[in-house]
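# Per-entry structural report
Listed below, chain by chain, are the residues.
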Amino acid sequence: VQSAPLACVQLHTLVSHEQEDVVMLTSSEFWSMERASLLKRYAQMFLAFYSLGEAVASFDSMRDSVLETLLGNMVWRAFLVCMRTSEVASRICMVVIIQVFSERHGFPWGAAALLGADFLFVAILTRCLAVSKKFLAVCFCSLISMASNVYLFQKDEDRRRLADLLLVVRTSELLVFCAALVWYFKFLPGGMHIILQFASDHTGACALLVVSLVIYFLNLAIWLEIRKVQTPQVWDDQANIMDNDME
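Notes on the structure follow. As the structure is a prediction and not an experimental result, all values here were calculated from the model. (Residues numbered from 1 in each chain as written. Predicted model: local features only at pLDDT ≥ 70, side-chain atom pairs only at ≥ 80, totals over all residues. Heavy atoms only, no water.)

### Remarks on the pattern of salt bridges
As a reminder, the rule being used: We define a salt bridge as a side-chain nitrogen of Lys or Arg found within 4 Å of a carboxyl oxygen belonging to Asp or Glu. A helix here means a DSSP run of H or I that spans at least four residues, while a strand means a run of E at least two residues long, and both kinds are numbered starting from the N terminus.
For the coordinates displayed, the defined rule picks out 11 salt bridges. With its nearest N and O atoms 2.8 Å apart, the salt bridge here joins R161 to D158. With a gap of 3 residues between them, R161 and D158 both fall in helix α6 (residues 157-186), about one helical turn apart. Three or more residues joined by partner-sharing salt bridges are found here, namely R91, D118, R170 and E173.

### Concerning empty space enclosed by the protein
Which entries qualify depends on this criterion: Cavity: a set of points on a 1 Å grid over the protein atoms alone where a 1.4 Å probe fits but cannot get out. Pocket: an open set with protein on both sides within 12 Å along at least five of seven lines, its lining residues, like those of a cavity, having an atom within 4 Å of a point. Grid points are joined across faces, edges and corners, and a volume is the space filled by probe spheres set on the points. Charged residues are taken to be Asp, Glu, Lys and Arg, nonpolar residues to be Ala, Val, Leu, Ile, Met, Phe, Trp, Tyr, Cys and Pro, and polar residues to be all remaining types, Gly included.
Under the defined criterion, the tally for this structure stands at 1 cavity of 30 Å³ or more. Its volume calculated, the largest cavity comes out at about 240 Å³. Lining the largest cavity are 16 residues, and of these S90, R91, R170, L213 and Y216 lie nearest its centre. At the level of elements, α3 (74-104), α6 and α8 (203-230) are the ones that each hand at least two residues to the lining of the largest cavity. Broken down by element, the residue count for the lining of the largest cavity peaks at 6 residues, all from α6. Looking at the lining of the largest cavity residue by residue, the class counts come to 8 nonpolar, 4 polar and 4 charged.

### Some points on the packing of aromatic side chains
Our working rule: Aromatic rings from Phe, Tyr and Trp, taking only the six-membered ring of Trp, are treated as a pair when their centres fall within 6.5 Å; an angle between ring planes under 30 degrees marks them as stacked, one over 60 as edge-to-face, and anything in between as tilted. Each residue is assigned to one of three classes by its accessible area relative to the maximum for its type, calculated with a 1.4 Å probe on protein chains only: buried under 20%, partly exposed between the two thresholds, exposed over 50%.
Per the stated rule, a full pass over the model turns up 9 aromatic pairs. With centroids separated by 5.3 Å and ring planes inclined at 80°, the aromatic side chains of F101 and F198 adopt a geometry described as edge-to-face. Of the two residues, F101 sits in helix α3 while F198 sits in helix α7 (residues 191-201), which places them 97 residues apart along the sequence. The class for F101 is partly exposed, based on a relative accessible area of 21%. Their ring planes at 55° and their centres at 5.1 Å tell us that Y216 and F217 sit as a pair that is tilted. Since its relative accessible area comes to 31%, F217 is described here as partly exposed. Through a chain of ring-to-ring contacts, three or more aromatic side chains come together here, namely W76, F79, F153 and W223.

### Re the packing of α6 against α7
For clarity, the threshold we go by: Note on method: axes are straight lines fitted to C-alpha atoms, helices fitted across the in-contact stretch only, with angles between N-to-C directions ranging 0 to 180 degrees. Orientation is classified from the angle alone, with under 35 degrees giving roughly parallel, over 145 giving roughly antiparallel, 65 to 115 giving roughly perpendicular, and any other angle giving oblique. A contact between two residues is defined here by any heavy atoms of the two lying within 4.5 Å.
Interhelical geometry of α6 versus α7 gives an angle of 120° and a closest axis separation of 6 Å. Between α6 and α7, the interaxial angle falls into the category oblique. Mapping the contact onto sequence places L181, Y184 and F185 in α6 and G191, M192, I194, I195 and L196 in α7.

### Quick look at α3
The following threshold applies: Each residue after the first adds 1.5 Å to the expected span of a helix. Two N or O atoms form a polar contact when they lie within 3.5 Å of each other; inside protein one atom must be a possible hydrogen donor and the other a possible acceptor, and for residues adjacent in sequence the pair counts only when both atoms belong to side chains.
In this model, α3 (31 residues) spans 44 Å end to end at C-alpha, consistent with the 45 Å of a helix rising 1.5 Å per residue. One side-chain oxygen of the residue at the start of α3 lies 2.8 Å from the amide nitrogen of V75, identifying that residue as N73. Residue G106 follows α3 closely and has a positive phi angle near 80°.

Structure follows, in structure tokens:
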């Protein structure tokens, strides 16, 4: 909860600094000390993403996870950390890029509006699916789910259902983002120049977003199949029986 906002602020500062460096540097100075310093800061940013991914992967290896036994193997754990790191990186990069782009066009609250809508939607889902019922618990669930889909590998069926719905919604958000990008690029007068100029000014952040998204979705497809194998149907049957008895 604490690390994700700090990572957002750190990446936003880094992207802003990158734009200043691009403006100041000439082509002959591309590999100057300033550029080397920028690359070092991106390396530090990657380590921050890795720390967040490691924290989420640790949650996935706890007793309530379907992957508890599998993640005793360090190779599988490293594989999962790779997925969680790319998930966190893609999520934070997209938020920061949207914020920087909206700031350049006179709307400084782009990321705040996106995150606010996401928080409210997850809170409603959490309450409706009875994952949490108390106000503070619902808010905490929404907060921890903003950077990563933390309940994706839980044994509890309601939590997995929440995670699956959240996965569908965020995949839809990405498709809408891509569609808006294509429309802006292709149909808006001057949009092609604006997009290309923005990508040129923020090459590092854009490249990080694309690479992390590709790695995330490739890993996600594999891990969803692993989850399917590691989730015995008897767990869900028992959960349904308990719910019926309580009713």
